[in-house]
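Below, each chain spelled out in residue letters.
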Amino acid sequence: IMIGPRYRLATVALTLLAAASTSAFAPSAHPFSAVRHTPLRSTTEETATDKTTNVAQTEDTSRDKVMTFSYDMSMEPKYEKPTYPGTGNGLSGDSGEYDIIVIGSGMGGLACASLSAKYGSKVLCLESHIKVGGSAHTFSRMHDGGKYSFEVGPSIFEGLDRPSLNPLRMIFDILEETMPVKTYKGLGYWTPSGYWRFPIGSREGFEQLLMEQAEDGPKAIKEWNALRDRLKTLGGSTTAVALLNLRQDLGFLSTTAGALPFVATHPDVFADLPLTFDDLSKTVDEIVTVPFLRNFIDTMCIFCGFPAKGAMTAHLLYILERFFEETAAFCVPIGGTCELGNTLQRGLEKFGGKLQLNAHVEEILMEDGRAVGVKLKNGNIVKAKKAVVSNATPFDTVKLLKKKDDEPKKLTAWRDTLGKLPRHGAISHLFLAIDAKDLDLSHIQDPAHLVVQDWDRSLQDSQNLCSFFIPSILDKSLCPEGKHVIHVYSSGGEPYEPWEKLKPGSEEYEAYKEERVDVLWKAVERCIPDVRDRVEFSIIGSPLAHEAFLRRDRGTYGMAWAAGSSAPESGLLGNVLPFPFPNLKTPVDGLLRCGDSCFPGIGTPSAAASGAIAANTMTHVDNHLQLLKEASEKDPLYKFLNPGFMGQVYKPLVQGFTPSAELRADRFVGGAGVAPVDYTASDPTVSDRIDL
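Scoring rules and cut-offs
- Residues numbered from 1 in each chain as written.
- Predicted model: local features only at pLDDT ≥ 70, side-chain atom pairs only at ≥ 80, totals over all residues.
- Heavy atoms only, no water.
- Helix = DSSP H or I, 4+ residues; strand = E, 2+ residues; numbered from the N terminus.
- Buried < 20%, exposed > 50% of the residue type's maximum accessible area, 1.4 Å probe, protein only.
- Contact = heavy atoms within 4.5 Å.
- Areas by Shrake-Rupley, 256 points an atom, 1.4 Å probe, with all protein chains shown as cover.
- Pairing = 2+ DSSP bridges.
- Core = buried A, V, L, I, M, F, W, Y, C linked by side-chain atoms within 4.5 Å.
- Salt bridge = Lys/Arg side-chain N within 4 Å of Asp/Glu carboxyl O.
- Phe/Tyr/Trp six-rings, centres within 6.5 Å; stacked < 30°, edge-to-face > 60°.
- Lys NZ or Arg CZ within 6 Å of the ring centre and 35° of its normal.
- Axes fitted to C-alpha atoms, helices over the stretch in contact; angles between N-to-C directions.
- Parallel < 35°, antiparallel > 145°, perpendicular 65-115°, else oblique.
- Nonpolar A, V, L, I, M, F, W, Y, C, P; charged D, E, K, R; others polar.
- Expected span 1.5 Å × (residues − 1).

As recorded in an unreviewed UniProt entry, the protein chain goes by Amine oxidase domain-containing protein and comes from Ditylum brightwellii.

Structure follows, in structure tokens:
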């Protein structure tokens, strides 16, 4: 059977665009804010010539401004980083030898580790914090004998209640792990014009919202449908190929071959391919003119860090396709967002993998240009036979590769480039425990809310857009009866410089915290006017605390390469498409990256998907095909995951190149088509086997 190059290219295209769009709506830990604008000021003496661009850009934030922040990771910080009790000292962790070492237990790291264990590798996941989950973890406080639990990061999840196109849910199902959730069907908005609600799962409900709120309802409906029609082919690709089909070697020709029928019947996908990764605002500007609808689209995109200007078109595809299906619903994990990590950890350990908490990695060890293990903070050495995968941010990863005088120039350039990548700003948090006696919340239907003060200001402005989340409306286990817990958080646009000069606990620091989170208090007051009178206790989380507790350099929301051009180190794909992500592979053999700085980007499901792609890349293509076949049989919705006959056609052509040479142990470098391992947990020696 001959498959022409046109269709091979289309498979590449479809794989990437569907992967991007499938993970689009994954608000990872996003924020927003309301109320009177507080002019940003430094808390120490600072001359005009000393003021950095990072700070200056936040002082006048017009709507059309795209904000990114930049630092040079090769330079030592000017100020000492504060430490906080409750984050661990990082001194745990045993020496040993494994096939794969994963640094970080965020969604990307845990997905990579658990799937690698299922593939048959002996896996160790090392977490610096004392809690698993990265940004998706929970902390608790005792007050008057009662326990109050708060989530610190992601709060809005879609598609975790049943088999869905959400890659995180797919991974749960592949691992055969369950996570109980409660569902809700809307997202509350508090805007200059008042309160309104976006109803998920109802096209008619959304059109009714446009009729009620838009400046010209019929025109808004017409433009919305025109936008959907324009992106219909790209949106349809979400059920032709999935993120879990992806791998970064020639094996992808086999694992994504199931998409060929879609390509054959939708040849216009070729013309739209560059659009997938391009700036969404280009398409929106051509079609949408009604201000209300443009504002709504911007808020849907802001979860990736940018409004429509700066966001990939792919980000909106999942929303256009999925959010208007009757079964669509937002989900609250019972027990808190920590259950995301706990669920993946169970999958990891089921297949023989190991997780070590409070085990800080101090250095990635290299020999002859290859990553061979890590050195822990306590001095212990852990060896990796096959690969090291960093789930840390690129800004934190480059610090783990100590500079050597004789290192390859390519590595030096890569380290310097990633260390200077633009990023989103920091985040501020407000955690509230309140008395709910006689509290009437009948005017709202949902726990998740966005608050916008001024549509003419940037939605990246941490003093303009925020979110508050009241999970205890649905999950009564999070606090004592008659109480509520609320997490309020700013957008990822808070500059770090004014904070880094302050000492936690000082009067100046405490005063600045109160000043900067005043907008967060006022955001909640839109919904609960007497919230300050109801407070049992409150906790302010500054960017310094965010940095320490979530292990994010300078408290960043994530990497911020605006769509429309290729990011540095984006690989071959960046030469032909505007691919806004650095490669998950690195100049160091045996070293991969995963997480929200890799494709498909920011968001909890996106980060998990990046980990799955890394795991797939490290295993033989036959293992990957077996996994896809197994997954396709778990639910009718997943049937498209199996490449079927076409996958088998391509397999003999590519299996000798999987995994790619730099990821093979020495004894497999010259071997092609080595028999894959049994990746299932039925083998009692699963933890002793070596994945090919």
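Next comes the rest of the account.
Q: Hey, could you run me through the overall build of the protein chain in this one?
A: Within the protein chain, the regular secondary structure consists of 25 helices and 19 strands. Counting across all 692 residues of the protein chain, residues that qualify as buried make up 64%. A separation of at least 24 residues holds for 75% of the contacts in the protein chain among residues at least 6 apart in sequence. Surface exposure of the protein chain reaches about 24500 Å², of which carbon and sulfur atoms provide 52%.

Q: Which parts of the structure should I look at to understand the sheet that holds strand β6 (residues 181-184)?
A: Sheets are built from strands paired through backbone hydrogen bonds, the pairs being either parallel or antiparallel. Spatially, β5-β9-β6 is the arrangement adopted by the 3 strands of the open sheet, whose pairing is antiparallel. Looking at strand neighbours, the two that pair on one side only are β5 (157-158) and β6, the edges of this open sheet. Bridge count between β5 and strand β9 (residues 330-333): 2 bridges; the pairing is antiparallel. What sits directly across from F157, in β9, is C331.

Q: Hey, could you run me through the nonpolar core in this one?
A: Within soluble globular proteins, side chains that are nonpolar tend to cluster in buried spots. Grouped together as the largest cluster of nonpolar side chains are 140 residues, with contacts concentrated most on F198, W224, F296, I297 and M300. Apart from the residues lying within four places of it in its own chain, the contact partners of W224 are F206, L210, L293, F296, I297, L320 and F324. Core analysis: the next-biggest nonpolar cluster, separate from the first, contains 24 residues, W190, L441, I444 and W521 among them.

Q: In this structure, what is going on with the pairing of β9? I would like to understand it.
A: Every regular strand shows the same layout, with side chains that alternate between the two sheet faces. Here β9 shows two buried faces, one formed by F330 and V332 and the other by C331 and P333. Pairing analysis gives 4 bridges linking β6 to β9, with the strands arranged antiparallel. Across the sheet, V181 pairs through a bridge with P333, a residue of β9.

Q: Would you mind showing me how to read unusual backbone geometry here?
A: For the bond from F599 to P600, the omega torsion is 10 degrees, close enough to zero to count as cis. Within the chain, D144 stands out as a residue other than glycine whose phi angle is a positive 50 degrees. Structurally, D144 can be placed in the loop between β3 (138-143) and β4 (146-151).

Q: Can you help me understand the pairing of strand β12 (residues 370-376) in this one?
A: Here β12 lies mainly inside the structure; 6 of its 7 residues are buried. Relative to β12, strand β11 (residues 361-367) runs antiparallel, the two being bridged by 6 bridges. The residue bridging E363 from the neighbouring strand is K375, located in β12. Hairpin geometry of β11 and β12 is characterised by an intervening segment of 2 residues between the two adjacent antiparallel strands and by a positive phi of about 55 degrees at D368. Here β12 runs beside strand β13 (residues 381-390); their pairing, made up of 3 bridges, is antiparallel. The partner of G373 across the bridge, within β13, is K383. Two successive antiparallel strands, β12 and β13, enclose a turn made up of 4 residues, where G379 displays a positive phi of approximately 95 degrees.

Q: Whenever I open this one, the pattern of salt bridges confuses me. Can you help?
A: Two side chains that carry opposite charge are able to pair once their charged atoms sit near each other. With the rule as written, the count across this model stands at 37 salt bridges. D173 is the salt-bridge partner of R169, the closest N and O atoms lying 3.0 Å from each other. Residue R169 and its partner D173 are located together in helix α4 (residues 167-175), separated by 4 residues, close to a single helical turn. When sorted by exposure, R169 lands in the same class as D173, which is buried. Members of the salt-bridge network, linked through shared partners, are D396, K399, R423, D553 and R554.

Q: Explanation requested: the packing of aromatic side chains in the structure shown.
A: Aromatic ring pairs are described here by two measures, namely the spacing of the ring centres and the angle between the planes. Scanning the model with the defined rule gives 29 aromatic pairs in all. Three or more aromatic residues joined by ring pairs make a cluster, and in this case those are Y184, Y189, W196, F198, F206, W224, F292, F296, Y318, F323, F324 and F330. Geometry around Y98 places K122 over its ring, the cationic atom sitting 5.3 Å from the centre.

Q: Looking at this structure, I do not really get the sheet that holds strand β16 (residues 465-469). What am I missing?
A: In spatial order, the strands read β8-β7-β15-β16-β17-β14-β18; together these 7 strands make up an open sheet with mixed pairing. One side of each edge strand has no neighbouring strand; the edge strands of this open sheet are β8 (194-199) and β18 (535-541). Strand after strand, the sheet turns through a mean of 20 degrees between neighbouring axes, direction not considered. Pairing analysis gives 5 bridges linking strand β15 (residues 448-452) to β16, with the strands arranged antiparallel. Looking at β16, one finds that V452 is bridged to L465.

Q: For this particular structure, what's the right way to read helix α12 (residues 291-301)?
A: Summarising burial for α12: 9 of the 11 residues are buried, a large majority. Of all the positions in α12, only F292, L293, N295, F296, I297, D298, T299, M300 and C301 are classed as buried.

Q: How should the packing of helix α5 (residues 203-213) against α12 be read in this particular structure?
A: Two packed helices can be described by the angle between their axes and the distance between those axes. Direction vectors running N to C along α5 and α12 enclose 130 degrees, while the axes themselves pass 10 Å from each other. The pairing of α5 with α12 is recorded here as oblique in orientation. Facing F206, L209, L210 and Q213 of α5, the residues of α12 in contact are F292, L293 and F296. The residue makeup of the contact of α5 with α12, split by class, is 6 nonpolar, 1 polar and no charged.

Q: Would you explain helix α3 (residues 107-118) in this entry?
A: Think of an α-helix as 3.6 residues a turn; residues three or four steps apart then line up on the same face. For α3, with 12 residues, the first-to-last C-alpha span of 16 Å sits near the 16 Å given by 1.5 Å per residue. Restricting attention to buried positions, one finds in α3 the residues M107, G108, G109, L110, A111, C112, A113, S114, L115, S116, A117 and K118.

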